[in-house]
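For reference, the chains in residue letters:
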Number of protein chains: 2
Amino acid sequence: MKNGSPQSAATRHSHRPASPAAQQPSRRPRGLKTRRTILRKAVNIASLEGLEGLTIGRLATTLRISKSGLFAHFGSKEDLQCAVVDEARDIFVEKVIRPAWHFKGLRLLRALCENWLSYGEQKVFPGGCFFSAASLEFDDRPGPVRDRIVGLMKKWLGNLEHAARDAQAAGEIREDVDVHQLAFEIQALAMGGNWSSRLFRDPAAFRSAQAAILRRIDQVTTTEQSRK
Amino acid sequence: MKNGSPQSAATRHSHRPASPAAQQPSRRPRGLKTRRTILRKAVNIASLEGLEGLTIGRLATTLRISKSGLFAHFGSKEDLQCAVVDEARDIFVEKVIRPAWHFKGLRLLRALCENWLSYGEQKVFPGGCFFSAASLEFDDRPGPVRDRIVGLMKKWLGNLEHAARDAQAAGEIREDVDVHQLAFEIQALAMGGNWSSRLFRDPAAFRSAQAAILRRIDQVTTTEQSRK
DNA sequence: TAATAGAACGAACGATCGTGCTATTATCCA
DNA sequence: TGGATAATAGCACGATCGTTCGTTCTATTA
């Protein structure tokens, strides 16, 4: 859209061929491994410099790969950005959601919060929470990248809310609690911890966030459930 | 740093000549008015596209001004960004801090929160809270721009904390409350409201933030002060 | 062995970036 | 009124942006 391209690129390379069926461990076109390598590095750079600051030339240089060779994996910068978001989501699911997914109700809610905070604290992404940065960077840039981010964040908030609702049904959280509001507050406090950690280089930032979240959760639990 | 500039620019135009002393209302070099016009527009663009996405060429085009003429006002892009941050701070002080500054203690704290929320809700900046976006954009870019943002945010949090401490000394807030933590939580919830408003286009976002902040404040006030 | 497809490369494109010089215009004081 | 000074415009620069093209290398398949 910026450069007047006479013919639209990216007609091939539609999307990641992450085929769910028939996935032999290593008998795969060699390009997928390269693509993976590119995306890992790209996610790290993007978490530091932003999805727009992520540049194809720089990415290729740091990977010692030709710019055109790298570009051919994606077909457009927008597709690359989408792929980076997907890659970051995979990492997030791996680190935050999956380790907690066997819990239910209040235990699940607590585990999600704990995992999120340690995900932020142990710098899974070198530039802090990828999605905090990306959602604020793209909140005014319509397009598929923004749509993807919105979808992911809605799903994440939905997970928090759903866990809280289950806890409510199980009698662990009081009936009069607005679980949507609760999810919002948890998310805001967590992102606040990330913000304070990144901006002030405050090592206690995530502890502050954790304290606030735990207190908030304790406030909404029924008496027999309080203090874990 | 990106372009190999043989000689450093911006030796003149050190900084905004906002002289504290002897400031006649209108007898000033005419260039300041233009500078003002530029910065107003620049702040709006930057709140939408980010401080790095703010481009001198585009800014000049939308203002129907030559690029070099605009550039001469600042001397470097970094200086422009610093000036934009300062301009945004002036607007923030005008809209949020000054209208509350005659209050003290708990009243001040409440007024600051209310003003912040209405500052976010009524879109003082078209792209949402300028500082939320800028602090996440620059948290990994060392330099004077980041330093400025850090300083401003520290001062703002200090204001919240100071008001809470005064309220504590006046017996309006309980003695056992960690006012630093309280300031952090208020700020996190407020920024969360901004985040939800921008990303989801959620008209109820600031209401959610307000509800959370008011409840939190009520929790720390002494009984005789609760419910305003 | 020949044919084919995928992966990576080098070179180049038009555009735009920030920046620097030089000339022209507007403004103000003597 | 003229001359100094400040403000703006014009033009060009090197670099880098995303993107395209044609080619080469490699590996699988016929």
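For clarity, every value in this text was computed on a predicted model and none was experimentally measured. All residue numbers refer to positions counted from 1 along the written sequence of the respective chain. Here every chain gets a letter starting at A, and every ligand a number starting at 1, in the order they are written. Per-residue local features are limited, in this predicted model, to residues with pLDDT of at least 70; the limit for side-chain atom pairs, both in listing and counting, is 80 or more; totals at the level of whole chains, interfaces and linings are taken over all residues. With hydrogens and water stripped out, all remaining heavy atoms of the structure feed into the side-chain values.

A. Geometry of the overall build of chain A. A run of H or I in DSSP counts as a helix once it spans at least four residues, and a run of E counts as a strand once it spans at least two, with each numbered from the N terminus. When helices and strands are tallied, chain A shows nine helices and zero strands. Tracing chain A from N to C terminus, the helices and strands come up as α-α-α-α-α-α-α-α-α. Exposed residues in this analysis have more than 50% of their type's maximum accessible area, buried residues have under 20%, and partly exposed residues fall in between, with area computed by a 1.4 Å probe over protein chains only. Of all 228 residues assigned to chain A, the portion counted as buried reaches 50%. For chain A, contacts bridging at least 24 residues in sequence account for 67% of all contacts bridging at least 6. Taken as a whole, chain A presents about 11800 Å² of accessible surface, with 52% of it coming from carbon and sulfur. Working rule for contacts: check all heavy atoms of both residues, and any pair within 4.5 Å makes them a contact. Shrake-Rupley sampling with a 1.4 Å probe provides the accessible areas, and residues are treated as covered by the protein chains on show and by no other component.

B. Region of interest: the environment of Ile38 of chain B. Residues and elements named next belong to chain B. Along the chain, the position of Ile38 falls in helix α1 (residues 31-49). Sequence separation of Ile38 and Ile65 is 27 residues, and the distance between their C-alpha atoms is 9.5 Å. Each residue touching Ile38, except ones within four places of it in the same chain, is listed here: Leu59, Leu63, Leu70, His73 and Phe74.

C. A look at unusual backbone geometry. Non-glycine residue Arg64 of chain B carries a positive phi angle of around 55 degrees. Checked against the element boundaries, Arg64 of chain B lands in the loop between α2 (56-62) and α3 (67-71).

D. The relation of the copies chain B and chain A, seen in detail. Superposition record for chain B on chain A: RMSD 0.0 Å, screw rotation 180 degrees, translation along axis 0.0 Å. Such a combination of turn and shift is consistent with a two-fold rotation axis. Here 100% of the contact residues of chain B are again contact residues in chain A; the copies associate through an equivalent surface. Alignment of copies: least-squares fit on C-alpha atoms of residues with pLDDT of at least 70 in both copies.

E. Just the packing of aromatic side chains, in detail. Geometry of aromatic contacts follows a simple scheme: Phe, Tyr and Trp rings, the Trp one being its six-membered ring, pair when their centres are within 6.5 Å, and the pair is stacked under 30 degrees between planes, edge-to-face over 60, tilted otherwise. Counted under the stated rule, the structure contains 16 aromatic pairs over all chains. Ring plane angle 75 degrees and centroid distance 5.4 Å describe the contact between Trp195 of chain B and Phe200 of chain B, whose orientation is recorded as edge-to-face. Take Phe200 of chain B: its relative accessible area is 17%, and that puts it in the buried class. Among the aromatic residues, those joined into a cluster by ring pairs are Phe92, Trp116, Tyr119, Phe125, Phe130, Phe131 and Trp156 of chain A.

F. Molecular detail of the pattern of salt bridges. All names here are of chain A. By definition here, a salt bridge exists when the distance from a side-chain nitrogen of Lys or Arg to a carboxyl oxygen of Asp or Glu is within 4 Å. One pass over the structure, following the stated rule, counts 28 salt bridges over all chains. Residue Glu87 is joined to Arg40 by a salt bridge in which the shortest nitrogen-to-oxygen separation is 2.8 Å. With Glu87 in helix α4 (residues 77-97) and Arg40 in helix α1 (residues 31-49), the pair connects residues that are 47 residues apart, well separated along the chain. The partner of Asp218 in a salt bridge is Arg110, and the shortest N-O contact between them spans 3.0 Å. Taken together, the positions of Asp218 in helix α9 (residues 205-220) and Arg110 in helix α5 (residues 105-121) put the pair 108 residues apart, joining distant regions of the chain. With respect to burial, Asp218 and Arg110 carry one shared label: buried. The structure contains a network of salt bridges with shared partners spanning Arg36, Arg40 and Glu87.

Keep in mind that these numbers describe shape and distance, not what the molecule does.
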